[in-house]
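Residues per chain are reported as follows:
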Amino acid sequence: MSMIYITRRVTFCASHRLHSDALSDEENRRIFGKCNNPNGHGHNYALKVTVRGEVNPETGIVLNFFDLQDAIDAAIIDEVDHKHINLDVPAFKGINPTAENMVVVFWNMLEPKLPPGMLYEMQLYETDNDHVTYRGT
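If you check an unreviewed UniProt entry, the protein chain appears there as 6-carboxy-5,6,7,8-tetrahydropterin synthase from Oscillatoria acuminata PCC 6304. UniProt's Pathway (unreviewed entry) comment on the protein chain is quoted here verbatim: "Purine metabolism; 7-cyano-7-deazaguanine biosynthesis."

The strands making up a sheet associate through backbone hydrogen bonding, with each pair oriented either parallel or antiparallel. Taking strand neighbours across the sheet as the criterion, the five strands line up as S3-S1-S2-S4-S5 in an open arrangement whose pairing is mixed. Edge positions in the sheet fall to strand S3 (83-84) and strand S5 (131-134), since each of these pairs with one other strand and no more. Sheet analysis places strand S2 (residues 41-54) next to strand S4 (residues 119-125), joined by six bridges and oriented antiparallel. In the sheet register, Thr 50 faces S4, and the bridge partner there is Glu 121. Where helix H2 (residues 65-80) meets the sheet, its contacts fall on strand S1 (3-16), S2, S3 and S4, and the angle it forms with S1 comes to roughly 25 degrees. Its contacts with the sheet put helix H4 (residues 99-110) on S1, S2, S4 and S5, and the angle it makes with S4 is roughly 140 degrees.

What follows concerns the nonpolar core. If you look at the biggest cluster of nonpolar residues, it comprises 35 residues, and the most contacted ones within it are Phe 12, Ile 76, Phe 106, Leu 110, Met 122 and Leu 124. If you list the elements that add at least two residues to this core, you get S1, S2, H2, H4, S4 and S5. Sort the elements by how many residues they give to this core and H4 lands first, with eight residues. Not counting the four nearest positions on each side in its chain, Leu 124 is found in contact with Phe 12, Tyr 45, Ala 46, Leu 47, Ala 99, Met 102, Val 103, Phe 106, Asp 130, His 131 and Val 132.

Glancing now at the layout of surface pockets. By volume, the largest pocket is sized at about 230 Å³. As for the largest pocket, its lining consists of 14 residues, of which His 19, Asp 21, Asn 86, Ile 95 and Asn 96 are closest to the centre.

The next subject is the pairing of S5. The two faces of S5 differ: Val 132 and Tyr 134 on one face are buried, but His 131 and Thr 133 on the other face are not. Here S4 pairs with S5 via four bridges, running antiparallel. Bridged to Tyr 125 within S5 is His 131. Counting the residues between successive antiparallel strands, the hairpin from S4 to S5 contains five residues.

How each quantity is defined
- What you see as residue numbers is a count from 1 along each chain, following the sequence as written.
- This being a predicted model, a pLDDT of at least 70 is required before a residue's local features are given, and a value of 80 or more before pairs of side-chain atoms are given or counted; all residues contribute to the totals for chains, interfaces and linings.
- In computing side-chain values, all of the structure's heavy atoms are included and hydrogens and water are not.
- UniProt positions are given in the numbering used here, feature names are shortened, and annotations may be inferred rather than shown by experiment.
- Being paired, for any two strands, means DSSP has found at least two bridges between them.
- Each helix corresponds to a stretch of at least 4 residues labelled H or I by DSSP, and each strand to a stretch of at least 2 residues labelled E; elements are numbered beginning at the N terminus.
- We call two residues in contact when some of their heavy atoms are within 4.5 Å.
- Fitting a line to C-alpha atoms yields each axis, with helices limited to the stretch in contact; the angle taken between N-to-C directions then spans 0 to 180 degrees.
- Think of a nonpolar core as a cluster: buried Ala, Val, Leu, Ile, Met, Phe, Trp, Tyr and Cys residues, connected wherever their side-chain atoms sit within 4.5 Å.
- Any residue under 20% of the maximum accessible area for its type is buried, any over 50% is exposed, and the rest in between are partly exposed; the area is computed with a 1.4 Å probe on protein chains only.
- Only protein atoms enter the 1 Å grid used here. Points where a 1.4 Å probe fits but cannot escape make up a cavity, open sets with protein on both sides within 12 Å along at least five of seven lines make up a pocket, and a residue lines them when an atom lies within 4 Å of a point.
- Grid points are joined across faces, edges and corners, and a volume is the space filled by probe spheres set on the points.

Take a look at the structure:
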């Protein structure tokens, strides 16, 4: 049987501040520029979640898209939508919420909600032009 990949796209709005406690304030301003604004800044994010598996011969599907949506909502969207990621999301305590770090944290939040080995890839779009891709460890 062939391996099939299915992807669900979700969106959420959130704010964050890019700031590393390991750097001086001057270094943070130089590296992160306007994204280091002490009050944060916001994005309309898009997250694409890809799972993989074999088609169930009885149902004809790998995973019901509604079940995937429910898992993403419960694990990620309900936690981050319309929140300040640095201040309101416990999973990011002590973590600089760059897109790179966010997608790894999101992976760790979602993976336990899905059958083992099913989560294949996540793509987090911070803007239409900028996104990161993660395929686990």
